[in-house]
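Survey of secondary and tertiary structure
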Amino acid sequence: MRQGTLEPMISPISDSVSGLTGQNHTDSAPSAGPKKLSQRKAVLAILTCWLLVVFDGYDLIVYGTVQSSLLAMDDWGLTPTTMGTIGSLAFVGMMIGALGAGRLADALGRRRTILACAMIFSTLTILCAFAPNPVVFGLLRLLSGIGLGGLVPSANAMVAELVPDRWRSTMATLMMSGVPIGGSIAAITGIWVIPAFGWEMMFLLAIIALVVVVPMGFRYLPETLSFEHRSGPGARRNSGFGQILRAPYLRASVLFAVASLAILFAWYGLGTWLPSLMEQAGYDLGSALTFALALNLGAVGGSVITAWAGDRFGASPSSAVAALVAGIALAVIMTTPPVAVVYAMLILAGVGTHGTAALLIAAVANHYPEHLRGTALGWAMGMGRIGAVAAPQVGGLLLASGLGVNSNFLVFALGAALAAVLFGVITFRVKPVVGSAPRAVK
């Protein structure tokens, strides 16, 4: 990423963000004035956050690329149902991580939370390669999920502080493009790595994040102050889940939570089961992985469209349209169209599901004041993980029941359609409640 590409977004930082090496004044904690974050440091911080999200996406989606290999292991004795259970465990961890890390980031600082999450998911993903049995493998996926789920809301909360409001949809979508990019890398890598070196190598590759990107985080990520220092002694009483679950935030919090649940059900359900679904539809492993690649490349390419739409028309209405596109695309796949159409529909499904998940972050950030932003993002994404937890399990149960691959596409299409309806309600019935929140960091 060249610095010039972010220059229009970063240049107004001095007007919209307090410095990352000084301390702002508040009513309760006056200060001599902030030192401002340089444009170069802001670009490097955003780039580092994005790279960490890429590896977050790789470590999450890699499970979908090795499912066939795990099912073929006679000594593990796995079935589609148990594979779905193992897939769900990572999302249980992600729910815990998102709910906890969002609040922790508001309380203790984004930098510490981001780095801790990155080290957790990288280390435990590597250990998956050495799992002796399905129980240990599932436990490692559960624990790695805590880091995977905690990183995204924390990183997005940091980036939201580094850019002006008018660029928030673009940056949220850019950040979330890291997830499908990581998934695309997993799919491409799996095509040649798994036959040559086995499924274990897919997990060992997570060491790249641990030895390359995490050190970048220690060097380039700014350290935010604790919430107590930022907002005074009463801040802790006026933050947290208790605050966003009462007026004037309650309606928005509930709608965002359910919309997040629905769209993440569709997105992670497809990410987990698509290669297996296409194999059961009669394609070999290599072809099945190219379908997964189409889904993830659609999500990446669609980021440009959804980012533009979010900034032009608003994050919430754009989310409604994107989710509707995903639902229609998945419904078309159920009609068993020609292969070229299947690829096109999977690209649109990637655009719609991931685009909605990315725009959700901008929509949440626009509806809450800064001192609640990390908590609100953690809440929405954490509750959304319920959908991510359910998707692998539901997919496995549907396949085990003999209902066929279309049953999976149907439930994922319904999830996208529900998200479209909820974002429509948010667009027309919910007004943002934002205030001027202090941004003192060092």
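The model shown is predicted, which means the values in this text are computed figures rather than measured ones.

Another aspect to go through is the overall build of the protein chain. For the protein chain, the count of helices and strands is 18 helices and zero strands. Relative to its 442 residues, the protein chain shows a buried fraction of 60%. Sequence separation of at least 24 residues holds for 84% of the intrachain contacts in the protein chain that already meet a minimum separation of 6.

With that settled, the discussion passes to the packing of aromatic side chains. Evaluation of the coordinates by the stated rule reveals 15 aromatic pairs. Taken together, a centroid distance of 5.9 Å and an interplanar angle of 85° make the contact between Phe-137 and Trp-199 edge-to-face. Remark: Trp-199 occurs in the loop between helix H8 (178-197) and helix H9 (200-204) and Phe-137 occurs in helix H6 (residues 134-162); sequence separation between them is 62 residues. As far as burial versus exposure is concerned, Phe-137 and Trp-199 are alike and both buried. When the ring of Trp-199 is compared with that of Phe-203, the centres are 5.8 Å apart and the planes differ by 85°; the resulting orientation is edge-to-face. When its relative accessible area of 6% is taken as the criterion, Trp-199 is described as buried. Joined through ring pairs, the aromatic side chains of Tyr-63, Trp-76, Phe-137, Trp-199 and Phe-203 make up one cluster.

Counting 125 residues, the largest nonpolar core has Leu-70, Phe-137 and Phe-256 as its most contacted members. Take this core: its biggest share by element is 17 residues, from helix H13 (residues 250-280). Among all residues touching Phe-137, those that are not within four sequence positions of it are Tyr-63, Leu-70, Trp-76, Ile-86, Cys-128, Ala-131, Trp-199 and Phe-203.

Moving on, we come to helix H10 (residues 207-220). For H10, which comprises 14 residues, the first-to-last C-alpha distance of 20 Å matches the rise-based estimate of 20 Å (1.5 Å per residue) to within 8%. Along its length, H10 shows its largest kink, about 30°, at Val-213, and proline Pro-215 lies within four residues downstream of that point. Within the span of H10, buried status applies to Ala-209, Val-213, Val-214 and Gly-217. Against the buried residues of H10 lie helix H3 (39-71) and helix H5 (110-128).

By the secondary structure assignment, Gly-150 is in helix H6. Considered as a pair, Gly-150 and Met-94 are 56 residues apart in the sequence and their alpha carbons are 6.7 Å apart. Residues within four places of Gly-150 in sequence aside, it is in contact with Gly-97, Ala-98, Ala-101 and Cys-117.

Parameters at a glance
Residues numbered from 1 in each chain as written. Predicted model: local features only at pLDDT ≥ 70, side-chain atom pairs only at ≥ 80, totals over all residues. Heavy atoms only, no water. Helix = DSSP H or I, 4+ residues; strand = E, 2+ residues; numbered from the N terminus. Buried < 20%, exposed > 50% of the residue type's maximum accessible area, 1.4 Å probe, protein only. Contact = heavy atoms within 4.5 Å. Phe/Tyr/Trp six-rings, centres within 6.5 Å; stacked < 30°, edge-to-face > 60°. Core = buried A, V, L, I, M, F, W, Y, C linked by side-chain atoms within 4.5 Å. Expected span 1.5 Å × (residues − 1). Bend = angle between axes of the 7 residues up to and from the residue.

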